[in-house]
Amino acid sequence: MTASVRGERGRQHTLRRPVTLSGVGLHSGQPVIIECRPGAPGSGITFVRTDLPGATPIAARAETVGDVMRGVTLGGRDGVRTVEHLLAAAAGLEIDNLRVGVNGPELPALDGSAAPYCDAFERAGLDEQPTRVDPVSLHEPVWVERGTSWILGIPASQFRITYVVPLPSDALGIQVADVEVDRTRFRKEIAPARTWGRIDDLQTMRAQGLALGASEENALGIGPHGYTGTPRFPDEPARHKILDLIGDLALLGRPLQAHLIAFGAGHALHIEFVRALEASSQSTRSAPSFPSA
Ligand SMILES: [Zn+2]
């Protein structure tokens, strides 16, 4: 099994050669070009704004998250918006080190999923690096909640996500997607799932200057009677929630070995969960606990 091999004795990966993608930002509607380049072992994933002379590279870590409204923004004024689908593709394909240059404030929406990033990374090819991966595993449950939304992480030998999503449409009800995530299942079952949203939210968001790049091609609309377009999977929204969570978990900087169960969560709670994981793994590292039995 890919996940356990990587967890127990896997090595880090990066791209074999640089690859370029272009498109428009989901929220900004602005054209943007990104170049993904190989990264040194142990360097993690970094973003840098190539349109701003002298801009500092931003590490893709929970501590650099600047905003979590309708997507994840890393950094401040020279930051990069909507990084989660690229990060999901990198995590899903087990790419640990990557330098991403962006000539604008937001990554391209592409088709609203992580599949075009996966295609590009696979085109470039992957190189194994000498440094071993150091997965985060749990020694006790980790839990975050906000209102009626929650995420629970429990110790497990495989990386698995169960996502429960109450949808804003009586016709669709509550969706559940459950995946034991490895490279193959991520690529086939999760990466192609697109962003989704309520059709009546679109007008409001546009008035706020958001979703200016959203279209039928890169987002699955949901109306009172169900989907307003053709879904790629019957449970595409729940699968996309798993995609977003995988992208946000990449901000740990290390792969995770645990079973996560999420209910009605979003980016804000995902990031809170990453911070709770960091706190939990730090406390177990500094004060190791020994089972009494
Ligand atoms: Zn998303």
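Structural data are supplied above this passage.
A brief structural summary. If you're wondering where the values come from, they're calculated on a predicted model, not measured in any experiment.

Description of the overall build of the protein
Part 1 of the reasoning: Counting secondary structure elements, the protein contains seven helices and 18 strands.
Part 2 of the reasoning: Of all 293 residues assigned to the protein, the portion counted as buried reaches 51%.
Part 3 of the reasoning: Counted over contacts in the protein with a minimum sequence separation of 6, partners at least 24 positions apart contribute 73%.
Part 4 of the reasoning: Surface exposure of the protein reaches about 13,200 Å², of which carbon and sulfur atoms provide 53%.
Part 5 of the reasoning: Positive and negative side-chain charges in the protein, numbering 29 and 33 respectively, have mean positions lying 4 Å apart.

Re the pairing of strand β11 (residues 142–146)
Part 1 of the reasoning: Across five bridges, β11 lies against strand β12 (residues 149–155) in antiparallel orientation. Looking at the pairing, valine 142 lines up with glycine 153 of β12.
Part 2 of the reasoning: Hairpin connection, β11 to β12: the antiparallel pair is bridged by two residues, and glycine 147 has positive phi, about 60 degrees.

So, the coordination of the zinc ion
Part 1 of the reasoning: Around the zinc ion, the protein contributes the donor atoms His85 (NE2), His240 (NE2), Asp244 (OD) and Asp244 (OD), which lie 2.1 to 2.7 Å from the metal centre.
Part 2 of the reasoning: Coordination at the zinc ion is irregular: its four donor atoms span angles of 52 to 151 degrees at the metal.
Part 3 of the reasoning: Donor residues binding the zinc ion come from one chain and are separated in sequence as H-x154-H-x3-D. Placement of histidine 85 in helix α2 (residues 84–92) and of histidine 240 in helix α6 (residues 236–249) is noted, with a sequence separation of 155 residues between them. The residues histidine 85 and histidine 240 share a single accessibility class, namely buried.

Cut-offs applied
- Residues numbered from 1 in each chain as written.
- Predicted model: local features only at pLDDT ≥ 70, side-chain atom pairs only at ≥ 80, totals over all residues.
- Heavy atoms only, no water.
- Helix = DSSP H or I, 4+ residues; strand = E, 2+ residues; numbered from the N terminus.
- Buried < 20%, exposed > 50% of the residue type's maximum accessible area, 1.4 Å probe, protein only.
- Contact = heavy atoms within 4.5 Å.
- Areas by Shrake-Rupley, 256 points an atom, 1.4 Å probe, with all protein chains shown as cover.
- Lys, Arg positive; Asp, Glu negative; His and termini not counted.
- Charge placed at Lys NZ, Arg CZ, Asp CG, Glu CD.
- Pairing = 2+ DSSP bridges.
- Donors = N, O, S within 2.8 Å, 3.2 Å for Na, K, Ca; no water.
- Tetrahedral: all angles 85-135°; square planar, octahedral: opposite > 155°, others 65-115°.

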